[in-house]
Amino acid sequence: MNEEIRKVLEALKNGEITTEEAEALIEAIKQREDYKDENFESSDENVETKVGEITVIEEGEVFEGDINIVNGEAVIKGIVNGDCSIVMGKLTFSGEVKGDMNIVGSRVKWNGGVIDGSLNIVASKEEGTPPKVKGGLTRVNNLLLKGLFKVFFKPFLSGFEIKNGNFKKSKKTQKFETLIVEEGKEFKTDDDIVAEEVIVKGKLACGNLKADKIRAIGTISCGNIETEELIVEGTVKTGNVKAENITVYQDGSISSGNVHAENIELNGVISSGNVTCEVIWGNGKLNAGWLNCEENRLNK
């Protein structure tokens, strides 16, 4: 059984939520997993994570990509061509979100607007004129769930490098056969990087990163990662990771919104909102809101 669904059923059994709330949560979890499976490969999109900031998208502006707000404020009068997630923050909305709107433990002021995807709102206070929602609507107003979702979401959306919004800004791609960032050196660019092999001993900050093999001995901060093999001996901070094989050594750590891999050997730390894999093993620590795994051999 899916781990988060099991937790919902336990909360129902303990009388912490009603049957209707449990059904709504389970449906939202299933829709979320279906959505992630269908859209994970869209690694060209910009993912913006804001921590404790005010993000304003004015009328007539278009933001390309996803927006995640943690302990901050968003004023959306324009268009977001992606998903929008507000966690423990404040939202004033009158614009349009082309994807899904997810709101947890926040204060919301609606001034109409349109949400083309689904609206999922949990343990939040609302006022004003609600938007038109073209997808599904899930609303759970049980404040007991606020702590649960705070534990799940907040740690995994924090700690990312803050970048300026991408309002119809065309991103460039830099291509390499082998990119090596030596110890003590820093390579920083807003461009995407495509390479056969990337070895980082110093610091690398870039847009999306795609390579056959990536080895992080130093620090990597980037948008999304797509690779056949990811070896982490240092630190990786990224929006999403898609890999065939991931190896995290004892001193290595990954902070990511989502991790999708076939095999994960974990002897360090992975902090992620959602981890999907076939097999995971090792002596490391997994901090995940959701774990979907055929075989979990982590030593506990």
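Reference entry: report on the structure contained in this document. Model, not experiment: these values are computed from the prediction.

Thresholds applied
- Residues numbered from 1 in each chain as written.
- Predicted model: local features only at pLDDT ≥ 70, side-chain atom pairs only at ≥ 80, totals over all residues.
- Heavy atoms only, no water.
- Pairing = 2+ DSSP bridges.
- Helix = DSSP H or I, 4+ residues; strand = E, 2+ residues; numbered from the N terminus.
- Axes fitted to C-alpha atoms, helices over the stretch in contact; angles between N-to-C directions.
- Buried < 20%, exposed > 50% of the residue type's maximum accessible area, 1.4 Å probe, protein only.
- Contact = heavy atoms within 4.5 Å.
- Polar contact = N/O pair within 3.5 Å; in protein donor to acceptor, adjacent residues only side chain to side chain.
- Patch = residues over 30% accessible without salt bridge, like charges linked within 9 Å, V, L, I, M, F, W, Y side chains within 5 Å.
- Areas by Shrake-Rupley, 256 points an atom, 1.4 Å probe, with all protein chains shown as cover.
- Salt bridge = Lys/Arg side-chain N within 4 Å of Asp/Glu carboxyl O.
- Lys, Arg positive; Asp, Glu negative; His and termini not counted.
- Charge placed at Lys NZ, Arg CZ, Asp CG, Glu CD.

### Some thoughts on the sheet that holds strand E5 (residues 73-76)
Phase 1 of the analysis: Taken together, five strands build an open sheet; the order of strands is E2-E5-E8-E11-E14 and the sheet is parallel. Two strands close off the open sheet at either side, each with one partner strand: strand E2 (54-57) and strand E14 (125-129). Neighbouring strand axes in the sheet, compared pairwise and without regard to direction, differ in orientation by 5° on average.
Phase 2 of the analysis: Of the strand pairs in this sheet, E2 and E5 are connected by four bridges, and their pairing is parallel.

### Details of the environment of Glu 127
Phase 1 of the analysis: By secondary structure assignment, the location of Glu 127 is in strand E14.
Phase 2 of the analysis: Assessed through its relative accessible area of 47%, Glu 127 is described here as partly exposed.
Phase 3 of the analysis: In this structure, the C-alpha to C-alpha distance between Glu 127 and Arg 107, residues 20 residues apart in sequence, is 8.5 Å.
Phase 4 of the analysis: Once you skip the residues sitting within four places of it in the chain, Glu 127 turns out to touch Val 108, Lys 109 and Trp 110.

### What about the side chain of Ser 272?
Phase 1 of the analysis: Mapped onto the secondary structure, Ser 272 falls in strand E25 (residues 269-282).
Phase 2 of the analysis: Of the polar contacts made by the side chain of Ser 272, one reaches the backbone oxygen of Ser 256; its length is 3.2 Å.

### Observations concerning the pairing of strand E21 (residues 209-216)
Phase 1 of the analysis: Taken together, the seven bridges between strand E19 (residues 192-200) and E21 define a ladder with parallel strand orientation. What sits directly across from Glu 197, in E21, is Lys 213.
Phase 2 of the analysis: Of the pairings in the sheet, the one linking E21 to strand E22 (residues 219-232) comprises seven bridges and is parallel in character. If you follow Ala 211 over to E22, its bridge partner there is Thr 227.

### Details of a negative patch on the surface
Phase 1 of the analysis: Residues Glu 177, Glu 196, Asp 212, Glu 228, Glu 244, Glu 262, Glu 278 and Glu 294 make up a contiguous surface patch of negative charge.
Phase 2 of the analysis: Relative to the helices and strands, Glu 196 resides in strand E19.

### Some thoughts on the sheet that holds strand E6 (residues 79-81)
Phase 1 of the analysis: Within the open sheet, the five strands sit side by side as E3-E6-E9-E12-E15. Their pairing is parallel. Strand pairing shows two members of the sheet lacking a second neighbour, strand E3 (62-64) and strand E15 (132-133), which therefore form its edges.
Phase 2 of the analysis: In this structure, E6 lies alongside strand E9 (residues 96-97), joined through two bridges in parallel fashion. From the neighbouring strand, Val 80 faces E9, where its bridge partner is Val 97.

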